[in-house]
Amino acid sequence: QLDGASGFDEIDEMKRHVKQVTEWQNRLEKVYSKFESDRDRDDLSKLEALHEETRSHGFRYKALVQLEQKLERAYSLQHRIRIWQDAETNESLKFVTNIVRDITKLKMRFPAVNDMLAFHRNLEMWVERANVAIRSRISVSEIESLIATGNTMKVDVSEYLEKLQSRVDVAKEWLQQF
């Protein structure tokens, strides 16, 4: 038989747990709502801290399961980026595009993701400039600069480099005639 005081104590304890989880979910929503801005954010560490808090909640719930799945996807992506950064060989443009697609789907920012997005922006600008150099008239020194930059990238841009080098060779042959 329950006495009145202990029954109310259990209800109060349950209310405290519900309040704690509700406050946690509100903080989680605030982190999720900021995914679209500020390039220097580290959502991963914020989500890890929120996940650590759940140890005291005493039960699993849908938001926690979703957070764990999101963290697993983030760790997987972080691992793929690290492997790419440490690799001795260059990956394809498609590989970088696929990673950026996965970053977009994940909707999280953390240092490895920020670095990859910055690299991708630079890569896109380089490819755009290389295409312009291949299709139109541009100075030999600018093409050589594009080649030098392309040779330092951790991505296989050999298709562009060959075309750019061909342009430089043709230009130098033409200059030697005069």
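Residues numbered from 1 in each chain as written. Predicted model: local features only at pLDDT ≥ 70, side-chain atom pairs only at ≥ 80, totals over all residues. Heavy atoms only, no water.

1. Notes on the overall build of the protein chain
Piece 1. Broken down by element type, the protein chain carries seven helices and zero strands.
Piece 2. Secondary structure elements in the protein chain, listed N-terminal to C-terminal, are α-α-α-α-α-α-α.
Piece 3. Along the first, second and third principal axes, the C-alpha set of the protein chain runs to 105 × 30 × 15 Å.
Piece 4. The buried share of the protein chain, taken over its 178 residues, is 33%.
Piece 5. For the protein chain, restricting intrachain contacts to residue pairs at least 6 apart in sequence, the fraction spanning at least 24 positions comes to 67%.
Piece 6. Accessible surface computed for the protein chain: about 11,800 Å², of which carbon and sulfur atoms make up 51%. (Helix = DSSP H or I, 4+ residues; strand = E, 2+ residues; numbered from the N terminus. Buried < 20%, exposed > 50% of the residue type's maximum accessible area, 1.4 Å probe, protein only. Contact = heavy atoms within 4.5 Å. Areas by Shrake-Rupley, 256 points an atom, 1.4 Å probe, with all protein chains shown as cover.)

2. Details of the pattern of salt bridges
It is possible for side chains bearing opposite charge to pair when their charged atoms get close.
Piece 1. With the rule as written, the count across this model stands at ten salt bridges.
Piece 2. Two residues, Arg27 and Glu53, come together in a salt bridge whose shortest N-O distance is 2.0 Å. Highlighted residues: Arg27 in helix H1 (residues 4-33) and Glu53 in helix H2 (residues 43-53), separated in sequence by 26 residues.
Piece 3. Judged by its relative accessible area of 33%, Arg27 is partly exposed. (Salt bridge = Lys/Arg side-chain N within 4 Å of Asp/Glu carboxyl O.)

3. A word on the nonpolar core
Piece 1. Residues Val96 and Trp126 are the most contacted members of the largest nonpolar core, which totals 45 residues.
Piece 2. Broken down by secondary-structure element, the contributors of at least two residues to this core are H1, H2, helix H3 (62-86), helix H4 (93-106), helix H5 (111-135), helix H6 (140-152) and helix H7 (158-176).
Piece 3. The greatest single-element share of this core, amounting to ten residues, is contributed by H5.
Piece 4. When sequence neighbours within four positions are dropped, the list of residues in contact with Trp126 reads Leu146, Thr149, Gly150, Met153, Val157, Tyr160, Leu161 and Leu164. (Core = buried A, V, L, I, M, F, W, Y, C linked by side-chain atoms within 4.5 Å.)

4. Describing unusual backbone geometry
Piece 1. The backbone phi angle of Lys107 is positive, close to 55°, even though this residue is not glycine.
Piece 2. In this structure Lys107 comes out as partly exposed when scored by relative accessible area, which is 45%.

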